[in-house]
Amino acid sequence: ALGFVLIFKASSVFNFAQGAMTLFSALTLVGLIPLVGFWLALVGTILVMCVVAVVAERVAFRPLIGSSPLVIFMATIGLAYILEGVAQMVWGTQPHGLKLGLPIDPLKIAGIFISKSDLISAGAAGVLVALLILFFQYTKIGLGLRAIANDQVAAQSVGIDLRKVWAIAWVLAGLVALAAGMLWGSRIGVHFAMSLIALKALPVLIIGGIESIPGAIVGGIIVGVAEALGEGFIGPYVGGGVQDVMAYLVALIFLLVRPYGIFGQVAIERV
C-alpha cells in the first residue's frame, strides 16, 4: 500500500506494477543469497531495484509526462508484465524459500497465541512509515514530492525538477517493494503468486485514502482486524473463507459512506 501511495503522490498514477516489483525484488534476493550471502545479496538487490526504478522512469514514464493518467496506468501494466517475464527468464518459475531468521514460536498472552514474526513485521512496517513521514515532512525532496502531488505545473514554475522527483518516487517504491517482498517471502515463500498479493492493498487504499501514508497504516490495521474477526466469528458458520472477502466488504462500505477514504483529499471539480 505504501508503494502505491508513493507513486500516486508524485504522479497521480495508480502503479499496477507494484506487485510485480515486489515479486522481482524477492526473486532477486533469493537468487543472490546462494552466491554472495544474505547481506551482500540485500545490498545487491537494493542496487538492482534502484536501477529498475530509474530505468522504468526514464524509458517508460518520462516520455509520458503530460499524458492522461490512463495512458500512464497502461504503461505500469506493461512494466508489470516485463518484470514478471524477466524474473521468469532469470530465476525460473519454481517456488523459493526465504529464511530471514525470524522466530517461528508464538507468544502466549492470556491464552492468546501471537506470532513473533508478525510482530517483527509490524515493527518493521512502523519504522518504514515513520521514516517516510519524516522524509515527506522535513526534506527538500519530500516537500517537492508533496508539491508535485498537489499541482505539477505550479511545482515546476517554482523550480522543482519533475523528472528528478519522479525518479526518486520510483526508487522509494522499489525499496518499499523489497521490504514487502522480504517479509511476505519469509512467510509464504517466493513464487509468482506473490505479485497478486498487491491486490490486498486495494481495500487498504480505499479505506485509508490513496494519497495518505498514515492512511495506508490505518487502513491496513482496519483490514487486518476485519479479516481476523470475520474469519473467527463468521467463518465457522459459513464454512470458512471469510478472511479473503472481509477486506473488500469493508472497503465497499467505505466507498458508500466515505468514498475518498479516512485521510483522502476530497476532490472538488468545477463543471
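Quick caveat, the model's predicted, so the values are computed rather than measured.

Participant: Residues and numbers for the packing of helix 9 (residues 201–208) against helix 11 (residues 243–257), please.
Facilitator: When two helices pack together, their arrangement is given by the angle between the helix axes and by the axis-to-axis distance. Interaxial distance between helix 9 and helix 11 falls to 9 Å at its minimum, and their mutual angle equals 25 degrees. In terms of axis orientation, helix 9 runs roughly parallel to helix 11. Of the two possible hands of crossing, helix 9 and helix 11 adopt the one that is left-handed. On helix 11, the residues that touch Pro203, Ile206 and Ile207 of helix 9 are Ala247, Tyr248, Val250, Ala251, Phe254 and Leu255. Tallied by class, the residues present in the contact of helix 9 with helix 11 amount to 9 nonpolar, no polar and no charged.

Participant: Residues and numbers for the side chain of Thr76, please.
Facilitator: Mapped onto the elements of the fold, Thr76 is located in helix 4 (residues 69–91). Within the structure, the side chain of Thr76 is placed 2.5 Å from the backbone oxygen of Phe73, a separation counted as a polar contact.

Participant: How would you summarise the nonpolar core if you had to cite specific residues and measurements?
Facilitator: Counting 58 residues, the largest nonpolar core has Phe61, Leu145 and Ile213 as the members making the most contacts within it. If you tally residues by element for this core, the top one is helix 8 (residues 162–188), at 12 residues. Not counting residues up to four positions away in its chain, the partners in contact with Leu145 are Lys9, Ala10, Phe135, Phe136, Val165, Ala169 and Leu172. Residues Val204, Val242, Met246 and Val250 belong to the second largest nonpolar core, which totals 10 residues.

Participant: Now, about the confidence of the model for the protein: what can you tell me, with residues and values included?
Facilitator: Scored by pLDDT, the protein has a mean of 82; 95% of the residues are at 70 or more. Within the protein, helix 7 (residues 152–157) has the poorest average pLDDT of any element, 72, and helix 2 (residues 18–36) the best, 88.

Participant: Talk me through the pattern of salt bridges; I want residue IDs and the actual numbers.
Facilitator: One pass over the structure, following the stated rule, counts 1 salt bridge. Among the ionic pairs, Glu227 bridges to Lys200, the shortest N-O distance being 3.1 Å. Taken together, the positions of Glu227 in helix 10 (residues 213–238) and Lys200 in the loop between helix 8 and helix 9 put the pair 27 residues apart, joining distant regions of the chain.

Participant: Before we move on, could you go through the packing of aromatic side chains and cite the residues and values that matter?
Facilitator: A full pass over the atoms with the stated rule returns 4 aromatic pairs. Between Phe4 and Phe14 the ring centres are 4.7 Å apart and the planes differ by 10 degrees, which places this aromatic pair in the stacked class. Taken together, the positions of Phe4 in helix 1 (residues 2–11) and Phe14 in the loop between helix 1 and helix 2 put the pair 10 residues apart, joining distant regions of the chain. The exposure class of Phe4 is buried, given its relative accessible area of 3%.

Participant: For the environment of Ala26, give the residues involved together with the corresponding values.
Facilitator: By the element assignment, Ala26 lies in helix 2. If near-sequence neighbours (up to four positions away) are discounted, Ala26 is found in contact with Gly181, Val190 and Met194.

Participant: Outline helix 2, listing residues and values.
Facilitator: Look at helix 2: 27 Å from first C-alpha to last across 19 residues, which is about the 27 Å you get at 1.5 Å a residue. In terms of burial, helix 2 is largely enclosed, as 14 of its 19 residues are buried. A positive phi of about 90 degrees marks Gly37, the residue just after helix 2.

Participant: Outline unusual backbone geometry, supporting the account with residue identities and numerical values.
Facilitator: In the Ramachandran plot, Ala110 falls in the positive-phi region, its phi being about 55 degrees despite a non-glycine side chain. A relative accessible area of 78% places Ala110 in the exposed class.

Participant: Provide a residue-level description of helix 9, including the pertinent values.
Facilitator: Judged by how many residues are buried, helix 9 sits mostly within the fold: 6 of 8 residues are covered. Taken as a whole, helix 9 has its buried residues at Ala201, Pro203, Val204, Leu205, Ile207 and Gly208. One or two positions beyond helix 9, positive phi appears at Gly209, with a value near 110 degrees.

So, how was this worked out
By convention here, each chain's residues receive numbers from 1 onward along its written sequence. Reporting of local features is limited, given that this is a predicted model, to residues whose pLDDT is at least 70; pairs of side-chain atoms are given and counted only at 80 or more, and all residues count toward the totals for whole chains, interfaces and linings. Each side-chain value is derived from all of the structure's non-hydrogen atoms; neither hydrogens nor water enter the calculation. Each axis is a line fitted through C-alpha atoms, taken for helices only over the stretch in contact, and angles between the N-to-C directions span 0 to 180 degrees. Here a strand is any run of E in DSSP of at least two residues, a helix any run of H or I of at least four, and the numbering for each starts at the N terminus. Geometric relationships in this document are graded by angle, where less than 35 degrees denotes roughly parallel, more than 145 denotes roughly antiparallel, 65 to 115 denotes roughly perpendicular, and other angles denote oblique. Crossing handedness is defined as follows: a turn of the near helix away from the far one that is anticlockwise and smaller than a right angle gives a left-handed crossing, while the clockwise case is right-handed. Contacts are assigned to residue pairs that have any heavy atoms within 4.5 Å of one another. Note on residue classes: Ala, Val, Leu, Ile, Met, Phe, Trp, Tyr, Cys and Pro are nonpolar, Asp, Glu, Lys and Arg are charged, and everything else, Gly too, is polar. Under the rule applied, a polar contact is a pair of N or O atoms within 3.5 Å (in protein, one hydrogen donor and one hydrogen acceptor; residues adjacent in sequence only if both atoms are side-chain atoms). By nonpolar core we mean a set of buried residues, namely Ala, Val, Leu, Ile, Met, Phe, Trp, Tyr and Cys, connected to one another through side-chain atoms within 4.5 Å. For every residue, the accessible area (1.4 Å probe, protein chains only) is compared with the maximum for its type, and the residue is labelled buried under 20%, exposed over 50%, or partly exposed between those bounds. Per-residue confidence from the predictor is given as pLDDT, running between 0 and 100. Salt bridges are identified by distance alone: a Lys or Arg side-chain nitrogen within 4 Å of an Asp or Glu carboxyl oxygen. Any pair of Phe, Tyr and Trp rings, taking the six-membered ring for Trp, is counted once the centres come within 6.5 Å. Such a pair is stacked with planes under 30 degrees apart, edge-to-face with planes over 60 apart, and tilted for the rest. Helix span, as expected, comes to 1.5 Å for every residue beyond the first.

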